[in-house]
Amino acid sequence: MTTPKRPSVFIEKIFPVTLLNQQVYYEHGGNPFKGLHRWYSRKPLSFSRASVLGSLLPDTVTMEEFEYLLGLERRFGGQPDTTTKLYKTPPSPERIQQVHDLCEQTWGTRTPTVLDAFAGGGSIPFEAVRYGLNVLASDLNPVAVVTMKAAMEYPLKFGPDLQHEIDKWVKWVGDEAEKRLAEFFPSQEGEKIQHYLWAHTLVCPACQSTIPLSPNWWLYRRTEKTNLDKWCAVKLIPDPTNKSVKFEVVKGRKGNGLTITTQAGEFDPSIHSTIGRGVGKCPNCDAVIEDEVIKAFGQEFGYGYQLYAIAFKEGSKSVDFRSPTDIDLEGFKEASKTLRNKLQEFLANGFIPVQEIPSNTHRGPDMYLYGIYKWLQLFNDRQLLCFAILTEVINDAQKLIKKERPNFYEPISVYLALILDRCIDKNCRLSHLDAVTGSVKPALGQHSLSLFWNFPEIGIDGLFWEYEGARTLSDFSDICSLLETSQDSSKIPGLEQANFKSIEVNAYSADSLFHLPDGSVNTIVTDPPYYDSIRYGEIADFFYVWLRVNLLNVFPNFFLDELTDKERESIANPGRFRDLGDSASELADQDYEAKMALAFTEYFRVLRDDGVMTVQFNHKDSGAWDVLAKSLIDAGFEITASWAVSTENPQNLHQAQKNSVSSTVLLVCRKRDPNAGSAWWDDLRPELANLVEQRAPEFEANDIGGIDLYLSAFGPALNVFSRAWPVLDSSGEEMRPEVAFAEARKAIANYRFRKLLEADTAGFDPLTQWYILAWDAFRAREFPFDEARQLALAVGGFNVSDLAKTHKLIDSASGKCKFLTPQQRLKKRAFSTNPDEFSAAALVDGLHVAIALYLEEQSIDPVRRFLKATGLLSNDLFMRAWEVALKVIPRIGDERKRIPEEKALADLWLAMDEIQAKVIYVQPELEFEGGQMGLF
């Protein structure tokens, strides 16, 4: 193969990182594209749009022109448009025409082919289709495929006219279901029940009482001033005679702390907790019930559930709460009786999923601990009856639609199935009531399967079919607006002959794109699975089993399997290898690398020789990066450019004392020159380090810091490492990309330490360097141990195991580690506060002695005496370490949450003139809201 002349594209030259950081922030919340159906780790639309256009447009386009083509208004007075929100702004016809003109000049076609075979939630193809490009989107998971069809294919094919049909059939299903379900939801005159609140129960092994389990009994405690008089909780009334527990709803005004002020005094709901940290307590006999006993009961008998409160509305009033009555209990009993009588009929007709929760998954067996082995067990009797009847009604509707409106059979069936999924997400034993916000939280909101001890059951007058149907209709309408499906393309010059705004959505695995010829794709923009971050298949099974119930006849090929295909899923899932003898984690890593290699090899096959592939990747684990990079390089790609953009919702990142990665790195890839040959690592290493340090200030200028700065350095490292292959060490052994990442870490560590000190770094001991750089990188007290290890290797000079064992600087367990406080280190005798016994080998120990003495004595005098006696007061390196520590340890605005080390060092600086004379410190005005995650 000869290397073709390949057009240089915009993203290989420059990228609007700062602009996108702001645009991504706009998108957090309120995006209808994300609301249509739950999917995981969807990338922001503005980021995806820039990724697509940057990979297609020539490098002759200026930044100002690129901003305009993205959808921003032209710069005024040299200043960019900061008011337009790109995700809400469809590209204008003029912009689309200009993009097509540039594509024709660059690729020889006005509508080049854009492929994403890991399309997932569909952000990338959604943005590509908004520009009228030839878009191919596929995914292995049918849940993702059906969601993309609903979010793109059907709005583009049918336009806003489809909304009338959706509305008609949503109402038909809702009305018909209400007729069949009303008898099971009796209510008092004038009220509409919003939801029923249940607690799981077990039998006390000591007194045989039925115990309702709940860590708290709050119903409502919003903190706005207008709601402070509406606080509400449940009081447990023990009834040992009848071996039961009764409930009383307590209402009143917010009291001291988390209490309610009533006429009888302050009521504290926390004293009625019956389970905490897995350990239960019987309110009748005070017996303590251990975690293993609670789980054993669930596995042997299955938990019961007891109704403890009703949320209802009267007229236009806000939600109120009351205790259950006999009529409420009778409605549930009637539902249970009907379910038992009709269960076999429902099963025979396929209206209830019968699949077991698979054991060869990561979190599936967690459900087994509580006696839940099948997906249908995630519901109480009435919930399951509701969904079985709704499925029965949807089935009736499908028959009518197929007869009366056959062209709409497929799309309407899909939207009805998606609405049912939305109902299931909030109406099962995995959902829960958030008393602080007064809202029902969905089951899969945290991307995991977690049983809650108390759970809401939605009433048919609550947030059920009618509510979720209206939300789906609203989302569909908004999506049509985002896609501008009502736009007349015949009025756009140059687009008369184009198949304007269409997309091909398929259920294919990325490692088997047999439907695509060799060299048929101009550009691949893709967001592959992130190693072990999200186990898409096992989470999606929650929705898949119900989609299969409703869509098997519509898409028999999509839903042929009982559950999602986890054998071909490209993730590192140790659960699949749990019983295979060798290390499950190692086998999962090998499996992930093999699958990613097959996928990228298939990408290599279908990509034109002059084509561009842009890969989005976000992961804290360097092992994940090593696997991804090795797969890319083995497939024949080289990395020509890289950019890091902050793409994660700040609300999803760990707060205060924990850390998380917020940036996604774009790796721009080309087919490597087949004549490039091999390279020697010793020759590449200095070039790699120089390039990383050269790019570091650029990354920081784009607001990339902390651990994201280290992550961003992986791009330029791969740029050097991937140009030739294989890369060999001095003995001729092939090197893995991990050596490039280690060199990049070292370069960034050196760069950051020099910048923090603003002076010569000579004389600083390795332990203090590591301590300063760890706070600078992680910005949190807790972080994964492997990151501590990788940073220690970058610093050098000590063994990482010594951090915990010898220096007692951290505590490590279960793959995580945490900075020990100076007081904790003192108790572990990591240092002595006696000047005669103190060793000044590590400057960080001196800092910690000062902090420990100050916090223990609440006085500066013992600190002053210690610093004078040890000579640290006149030690310039020590004073520099003090100054830098104040820079890197986060300053949290809330005084109650301030990190002790930072607060003590700042207090001592304020109180001691001799410290002020040598340490420059400007107290920050802005509050620190959260932490970052790690990468090492």
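What counts, and where the lines are drawn
- Residues numbered from 1 in each chain as written.
- Predicted model: local features only at pLDDT ≥ 70, side-chain atom pairs only at ≥ 80, totals over all residues.
- Heavy atoms only, no water.
- Helix = DSSP H or I, 4+ residues; strand = E, 2+ residues; numbered from the N terminus.
- Rg over C-alpha atoms; globule rule 2.2 N^0.38 Å.
- Buried < 20%, exposed > 50% of the residue type's maximum accessible area, 1.4 Å probe, protein only.
- Contact = heavy atoms within 4.5 Å.
- Axes fitted to C-alpha atoms, helices over the stretch in contact; angles between N-to-C directions.
- Parallel < 35°, antiparallel > 145°, perpendicular 65-115°, else oblique.
- Left-handed = near helix turned anticlockwise from the far one by under 90°.
- Nonpolar A, V, L, I, M, F, W, Y, C, P; charged D, E, K, R; others polar.
- Pairing = 2+ DSSP bridges.
- Expected span 1.5 Å × (residues − 1).
- Core = buried A, V, L, I, M, F, W, Y, C linked by side-chain atoms within 4.5 Å.
- 1 Å grid on protein atoms, 1.4 Å probe; cavity = no way out; pocket = protein on both sides within 12 Å on 5 of 7 lines; lining within 4 Å.
- Points joined across faces, edges and corners; volume = space filled by probe spheres on them.
- pLDDT = per-residue confidence, 0-100.
- Phe/Tyr/Trp six-rings, centres within 6.5 Å; stacked < 30°, edge-to-face > 60°.
- Salt bridge = Lys/Arg side-chain N within 4 Å of Asp/Glu carboxyl O.
- Polar contact = N/O pair within 3.5 Å; in protein donor to acceptor, adjacent residues only side chain to side chain.
- Disulfide = S-S within 2.5 Å.

If you look the protein up in an unreviewed UniProt entry, it shows as DUF1156 domain-containing protein from Almyronema epifaneia S1.

Novice: Lay out the overall build of the protein in plain terms, naming residues and giving numbers.
Specialist: When helices and strands are counted, the protein shows 29 helices and 27 strands. Radius of gyration (C-alpha) of the protein: 30 Å, near the 30 Å computed for a compact globule of 936 residues. Projected onto the principal axes, the alpha-carbon positions of the protein cover approximately 80 × 75 × 65 Å. Across the 936 residues in the protein, those meeting the buried criterion constitute 58%. Long-range contacts, defined as pairs at least 24 residues apart, comprise 74% of the intrachain contacts of the protein with a sequence gap of at least 6.

Novice: Please provide a residue-by-residue account of the packing of helix 7 (residues 142–158) against helix 13 (residues 409–426), values included.
Specialist: At their nearest, the axes of helix 7 and helix 13 sit 10 Å apart, and the two run at 140° to each other. Relative to helix 13, the element helix 7 lies oblique. The handedness of the crossing between helix 7 and helix 13 is left-handed. In this structure, helix 7 uses Val146, Lys149, Ala150, Glu153, Tyr154, Pro155 and Phe158 to contact helix 13, whose residues at the interface are Glu410, Pro411, Val414, Tyr415 and Leu418. Broken down by class, the residue content of the contact of helix 7 with helix 13 amounts to 9 nonpolar, no polar and 3 charged.

Novice: Any details on the pairing of strand 3 (residues 191–203)? Residues and values, ideally.
Specialist: By the criterion of burial, strand 3 is predominantly enclosed, with 11 of the 13 residues buried. In this structure, strand 3 lies alongside strand 13 (residues 304–314), joined through 10 bridges in antiparallel fashion. Paired with Tyr196 across the bridge in strand 13 is Ile310. Inspection of the sheet shows strand 3 paired to strand 17 (residues 454–458) by 5 bridges, in the antiparallel sense. Its bridge partner being in strand 17, Tyr196 is matched across the sheet by Glu457. In this structure, strand 3 lies alongside strand 4 (residues 210–212), joined through 3 bridges in antiparallel fashion. Counterpart to Leu202 in the pairing with strand 4 is Ile211.

Novice: So what's going on with helix 19 (residues 707–721)? Which residues, and what values?
Specialist: Taking 1.5 Å as the rise per residue, helix 19 with 15 residues should run 21 Å; its terminal C-alpha atoms sit 21 Å apart, in good agreement. Burial of helix 19 is extensive: 15 of the 15 residues sit out of reach of the surface.

Novice: Please provide a residue-by-residue account of the sheet that holds strand 2 (residues 134–138), values included.
Specialist: Taken in spatial order, the 7 strands make up an open sheet running 18-2-1-19-20-22-21, and their pairing is mixed. Only two strands of the sheet have a single partner each, and these edge strands are strand 18 (503–506) and strand 21 (637–646). Going from strand to strand, the sheet's axes swing by 15° on average, the running direction of each strand aside. As paired strands, strand 2 and strand 18 are joined by 4 bridges and run parallel to one another. Residue Ser138 lies in a different strand from strand 18, and its bridge partner there is Asn506. On top of the sheet, helix 7 reaches strand 2 and strand 18; it is set at about 160° to strand 18, its chief contact.

Novice: Got a sec to walk through the sheet that holds strand 25 (residues 782–784)? Specific residues and values, please.
Specialist: Across the sheet, which stays open at both edges, the 3 strands sit in the order 25-27-26 with antiparallel pairing between neighbours. At either end of the open sheet lies a strand with only one pairing partner, and these are strand 25 and strand 26 (810–813). Sheet twist, expressed as the mean angle between neighbouring strand axes with direction ignored, is 25°. Here strand 25 runs beside strand 27 (residues 816–819); their pairing, made up of 3 bridges, is antiparallel. Note on strand 27: the bridge partner recorded for Pro784 is Lys816. Strands in contact with helix 21 (residues 766–778) are strand 25, strand 26 and strand 27; relative to strand 27, the strand with the most contacts, it is inclined by about 110°. With respect to the sheet, helix 22 (residues 785–795) is in contact with strand 25, strand 26 and strand 27, its orientation differing from that of strand 25 by roughly 80°.

Novice: How would you explain the environment of Gln344 if you had to name every residue and give the values?
Specialist: Looking at the element boundaries, Gln344 is found in helix 10 (residues 326–349). Spatially, the C-alpha atom of Gln344 lies 64 Å from that of Pro80, the residues being 264 residues apart in sequence.

Novice: Account for the packing of helix 21 against helix 25 (residues 843–857), naming residues and giving values.
Specialist: At their nearest, the axes of helix 21 and helix 25 sit 7 Å apart, and the two run at 65° to each other. Contact residues: helix 21 offers Leu767, Thr768 and Tyr771, while helix 25 offers Leu843, Val844 and His848.

Novice: Break down the nonpolar core for me, citing the residues and quoting the values.
Specialist: Trp465, Trp770 and Trp882 are the most contacted members of the largest nonpolar core, which totals 305 residues. With residues up to four places along the chain from it excluded, the contact list for Trp770 reads Phe783, Ala788, Leu791, Ala792, Val795, Phe798, Leu803, Leu809, Ile810 and Phe819. Residues Trp218, Leu228, Ile260 and Phe267 belong to the second largest nonpolar core, which totals 8 residues.

Novice: So what's going on with empty space enclosed by the protein? Residues and values would help.
Specialist: Enumeration over the complete set of coordinates arrives at 3 cavities of 30 Å³ or more. Lining the largest cavity are 32 residues, with Trp39, Phe118, Gly120, Asp139 and Pro529 sitting closest to its centre. When contributions to the lining of the largest cavity are tallied by element, the ones reaching two or more residues are helix 6 (123–130) and helix 15 (536–551). Considered class by class, the residues forming the lining of the largest cavity number 13 nonpolar, 11 polar and 8 charged.

Novice: Give me helix 21: which residues, what numbers.
Specialist: Structural remark: α-helix, 3.6 residues per turn; residues separated by three or four positions point the same way. In a regular helix each residue adds 1.5 Å, so 13 residues correspond to 18 Å; helix 21 covers 18 Å between its end C-alpha atoms and thus fits that length. Regarding helix 21, the residues found buried are Leu767, Thr768, Gln769, Trp770, Tyr771, Ile772, Leu773, Ala774, Trp775, Asp776, Ala777 and Phe778. Remark: Arg779 follows helix 21 within two positions and exhibits a positive phi of approximately 55°.

Novice: A description of the confidence of the model for the protein should follow, citing residues and the corresponding values.
Specialist: Of all residues in the protein, 93% have pLDDT values of 70 or greater, and the mean over the chain is 89. Here residues 487–499 is modelled with pLDDT under 50, and outside its nearest four sequence neighbours on either side it reaches 14 contacts, counting other chains as well. The low-confidence segment residues 926–936, where pLDDT is below 50, has 62 contacts with residues more than four positions distant or belonging to other chains.

Novice: I'd like a rundown of the packing of aromatic side chains, residues and numbers included.
Specialist: Here the structure, examined in full by the defined rule, presents 47 aromatic pairs. Where Phe118 meets Tyr603, the ring centres are 6.2 Å apart and the plane angle is 85°; that geometry is what we call edge-to-face. Of this pair, Phe118 sits in the loop between strand 1 (113–116) and helix 6 while Tyr603 sits in helix 16 (residues 584–606), and the two are 485 residues apart along the sequence. For the pair shown, Phe118 and Tyr603 are each scored as buried. Plain terms: the ring middles of Tyr154 and Tyr415 are 6.1 Å apart, the flat faces sit at 65° to each other, and that makes the pair edge-to-face. One end of the pair, Tyr154, is in helix 7; the other, Tyr415, is in helix 13, and 261 residues separate them in sequence.

Novice: Give a description of the pattern of salt bridges that names residues and reports values.
Specialist: In total, this model carries 59 salt bridges according to the counting rule given. We note a salt bridge from Asp845 to Arg825, for which the minimum N-O separation is 2.8 Å. Residue Asp845 is found in helix 25, and its partner Arg825 is found in helix 24 (residues 822–827); the two are separated by 20 residues along the sequence. With relative accessibility at 9%, the residue Asp845 sits in the buried group.

Novice: Account for the pairing of strand 13, with residues named and values stated.
Specialist: Where strand 13 and strand 14 (residues 320–322) come together, 3 bridges link them in antiparallel fashion. Bridge pairing in strand 14 places Ile310 opposite Arg322. As consecutive antiparallel partners, strand 13 and strand 14 are separated by 5 residues, and within that stretch Gly315 has a phi angle of approximately 60°, a positive value.

Novice: Account for unusual backbone geometry, with residues named and values stated.
Specialist: Note that the residue after Trp725, namely Pro726, is joined by a cis bond; omega there is 5°. Following the sequence through the fold, Pro726 ends up in the loop between helix 19 and strand 24 (727–728). In this structure, Asp286 takes a positive phi of about 65° despite not being glycine. By secondary structure assignment, the location of Asp286 is in the loop between strand 11 (279–281) and strand 12 (288–289).

Novice: Could you give an account of the side chain of His100, with specific residues and numbers?
Specialist: Looking at the secondary structure, you find His100 in helix 5 (residues 93–107). A distance of 2.6 Å separates a polar side-chain atom of His100 from the backbone oxygen of Tyr131.

Novice: Help me get a handle on the state of the cysteines, residues and values and all.
Specialist: Tallied over the full model, the rule gives 0 disulfides. Cys669 takes part in no disulfide bond, and the closest cysteine sulfur, belonging to Cys103, lies 19 Å away. A relative accessible area of 0% means that Cys669 is categorised as buried.

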